[in-house]
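This is what each chain is made of:
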Amino acid sequence: MTDTTTAADRAAAYWNSPRTVAEFRALGVQPYLTDLLGRTPVDGPALDLGCGGGRNTVALLERGFDVLAVDLHEGMVAATRARTAGYPEGRVTVRRGAAHAVPADDAAFALVVCYGVLHNAVDRAQWEAAVGELRRVLRPGGRLALNTFTAETLDPRLRPAGDGRYLLPDDVPMTLLSDAEVLGAFAGAGLRPEGGTHSYVRDLDVGPRAVLRCVLRRGED
């Protein structure tokens, strides 16, 4: 039988599967986000872009932020809604949406958390659109907490498809750029590192993957 599903279908099936949703809902907040939140003033709302199972949304709420949580996949949206159901009405809104088309107004957020999202762009054009959206929704002076896979170390299963695009064994694409390209794109959008950047390799069950983690601040224009 011929497989007629598209790469987008296969990606959605993975991210919406009950097993994946349950795994993400069970995750706890990373210490580096806890540390950042402890030294970040609550001077406006926050965006959790790619909210997954809601762990970062909860951390933002507990710090005192009002939060918009956005995820491309309905299973994750439902999980985050369930996880945040006990918070007062108006403190949190959970929506389906994409990193390259964020459902929010210009300059809406004092803080954006974007962990494990940017590399899921299907090609460089979509990746660059997401960078533009992150800049658009941040207030001047606002911070972006970024964590993304990069091309510094490549999972050996990936097949290069040109211009930073790589295909997983099931043909689901990822966009992986070098650290310099990532930081250069954000600098071009007016977002520059605040403090140092952190580059390291995570040994996952699929193989080693390079990670870039940093906090970027939007210029005051």
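Residues numbered from 1 in each chain as written. Predicted model: local features only at pLDDT ≥ 70, side-chain atom pairs only at ≥ 80, totals over all residues. Heavy atoms only, no water.

## Quick look at the packing of helix α1 (residues 7–16) against helix α2 (residues 18–25)
Packing of α1 against α2 leaves a shortest axis separation of 5 Å and a crossing angle of 55°. When the axis of α1 is compared with that of α2, the two are oblique. Along its contact with α1, which presents Y14, W15 and N16, the element α2 presents P18, T20, V21 and F24. Here the contact of α1 with α2 is built from residues that sort into five nonpolar, two polar and no charged. (Axes fitted to C-alpha atoms, helices over the stretch in contact; angles between N-to-C directions. Helix = DSSP H or I, 4+ residues; strand = E, 2+ residues; numbered from the N terminus. Parallel < 35°, antiparallel > 145°, perpendicular 65-115°, else oblique. Contact = heavy atoms within 4.5 Å. Nonpolar A, V, L, I, M, F, W, Y, C, P; charged D, E, K, R; others polar.)

## So, the layout of surface pockets
Any empty space left between atoms is shown by rolling a water-sized probe over those atoms. In this structure, the second largest pocket encloses a volume near 220 Å³. Y32, R39, H198, R213 and V215 are, among the 15 residues lining the second largest pocket, the residues nearest its centre. Listing elements by their share of the lining of the second largest pocket, those giving two or more residues are α3 (31–38), β5 (138–150) and β11 (207–218). A per-class count over the lining of the second largest pocket returns seven nonpolar, three polar and five charged. (1 Å grid on protein atoms, 1.4 Å probe; cavity = no way out; pocket = protein on both sides within 12 Å on 5 of 7 lines; lining within 4 Å. Points joined across faces, edges and corners; volume = space filled by probe spheres on them.)

## As for the UniProt feature "domain: Methyltransferase" (unreviewed entry) in the protein chain
On the UniProt side, "domain: Methyltransferase" (unreviewed entry) is annotated at positions that read residues 47–142 here. Secondary structure content for residues 47–142 is 34% helix and 26% strand, while the C-alpha to C-alpha distance between its ends is 11 Å. (UniProt positions renumbered as here; feature names shortened; annotations may be inferred.)

## Focus on the packing of aromatic side chains
Tallied over the full model, the rule gives four aromatic pairs. With a centroid separation of 4.9 Å and an interplanar angle of 75°, the aromatic rings of Y14 and W15 are classed as edge-to-face. Given the relative accessible area of 43%, Y14 is considered partly exposed. W15 gets classed as partly exposed once you look at its relative accessible area, which sits at 23%. (Phe/Tyr/Trp six-rings, centres within 6.5 Å; stacked < 30°, edge-to-face > 60°. Buried < 20%, exposed > 50% of the residue type's maximum accessible area, 1.4 Å probe, protein only.)

## A look at the pairing of strand β2 (residues 67–71)
Consecutive residues of a regular strand have side chains that alternate between opposite faces of the sheet. The element β2 is extensively covered by neighbouring structure, given that five of its five residues are classed as buried. The side-chain alternation of β2 yields two buried faces, one formed by V67, A69 and D71 and the other by L68 and V70. Bridging between strand β1 (residues 46–49) and β2 involves four bridges; their strand directions are parallel. Pairing of A46 across the sheet is with V67, part of β2. Since β1 and β2 lie parallel, the crossover through helix α4 (residues 55–63) that links them has a hand, and here it is right-handed. In terms of strand pairing, β2 meets strand β3 (residues 92–96) through five bridges, oriented parallel. In the strand pairing of β3, V67 is matched with V92. Note that the unit made of β2, helix α5 (residues 74–83) and β3 has a crossover that is right-handed. (Pairing = 2+ DSSP bridges. Right-handed = clockwise from strand over helix to strand, strands pointing away.)

## What about the pattern of salt bridges?
Going through the model one piece at a time under the given rule, you end up with 14 salt bridges. Between E23 and R19 there is a salt bridge, with its nearest N and O atoms 3.4 Å apart. One end of the pair is E23 and the other is R19, both in helix α2 and four residues apart, which spans about a single turn. With a closest N to O distance of 2.7 Å, R143 and E194 form a salt bridge. In this pair, R143 sits in strand β5 while E194 sits in the loop between β9 (191–193) and β10 (198–204), placing the two residues 51 residues apart along the sequence. (Salt bridge = Lys/Arg side-chain N within 4 Å of Asp/Glu carboxyl O.)

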